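# Chains, contacts and geometry: an overview
The residues making up each chain are set out below.
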Amino acid sequence: MSTPRRAPSGAAVLRPELTEAVVDAVLAELAEVGHGRLSMQRVAARAGVGKSALYRRWPGKDEMVMDVVGRFGVPAEPPPDTGTLVGDLHALVVGMRDWLDHPRLASIVPDLLAESRRSPRLAEAFRERLSGPRRDRSREVLARAVARGEITPEQAGGVEAELVVDLLGSVPFWRVAVHGGPIDDEGAAALARLVARGMTAPHRVGRRPS
């Protein structure tokens, strides 16, 4: 009878409870000292784990930070399908607002964005883990609108679509990061209506007056 093989030394991964301790430590360090002063050593000490355990999971602090922040950044489920473009846009705006106003992330995301301007490696991780997936969610909503006949395929895949994707993220970010408060429900609904009206208006005004 053979005995179970033991995992080779150094191949272990963090246990779930230690993973959560690391997540808490990373978020706390980011909030207190920012990305620039955060280190694997500080996180390990705060989480009560060995630094080598962190390096077995992540090659460096940028990957660790984006993995942790990414847990809160992009929902695993598809964007809500409300049946209309304006409804889907509203759901996206509310989701972005709630993410930016998350009590653990409100002071962290602006710092990461600023730091990414100085760190190409962090900028790439930010695009891969956060901004890229969120932009994909917006494009999915536009694709649904094409299937419903609300907008044209050209509108969903051209310059206009990229501007729409930018608007859905930049307006909530501007409110949170610059004005210090989230966009409220009325503002989120107004932004969704404005964007939807801008995309669908050509279909209405393109007709000749009788």
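Residues numbered from 1 in each chain as written. Predicted model: local features only at pLDDT ≥ 70, side-chain atom pairs only at ≥ 80, totals over all residues. Heavy atoms only, no water.

Per an unreviewed UniProt entry, the protein chain goes by the name TetR/AcrR family transcriptional regulator and belongs to Pseudonocardia alni subsp. carboxydivorans.

## Some words on the overall build of the protein chain
Helix and strand counts for the protein chain come out as 10 helices and 0 strands. Along the protein chain, from the amino end to the carboxyl end, the secondary structure elements read α-α-α-α-α-α-α-α-α-α. Out of the 210 residues belonging to the protein chain, those deemed buried represent 39%. Counted over contacts in the protein chain with a minimum sequence separation of 6, partners at least 24 positions apart contribute 71%. When the accessible surface of the protein chain is totalled, it reaches about 11,900 Å², and 55% of it is carbon and sulfur. (Helix = DSSP H or I, 4+ residues; strand = E, 2+ residues; numbered from the N terminus. Buried < 20%, exposed > 50% of the residue type's maximum accessible area, 1.4 Å probe, protein only. Contact = heavy atoms within 4.5 Å. Areas by Shrake-Rupley, 256 points an atom, 1.4 Å probe, with all protein chains shown as cover.)

## Here's the deal with the environment of A188
Summarising the element assignment, A188 is placed in helix 10 (residues 185–205). Taking relative accessible area as the criterion, A188 reaches 0% and is therefore assigned buried. Sequence separation of A188 and P172 is 16 residues, and the distance between their C-alpha atoms is 8.3 Å. The contact partners of A188, leaving out residues within four places of it in the chain, are H90, V93, V94 and I183.

## Some details on the confidence of the model for the protein chain
Chain-level pLDDT for the protein chain is 83 on average; 87% of the residues reach the 70-or-more range. Mean pLDDT per element in the protein chain: helix 10 is the minimum at 82, and helix 2 (residues 40–47) is the maximum at 95. In this model residues 1–12 is a low-confidence stretch, pLDDT under 50, and it forms 3 contacts with partners more than four residues away in sequence or in other chains. Across residues 203–210 the pLDDT falls below 50, and counting only partners more than four positions away or on other chains, this stretch makes 5 contacts in the model. (pLDDT = per-residue confidence, 0-100.)

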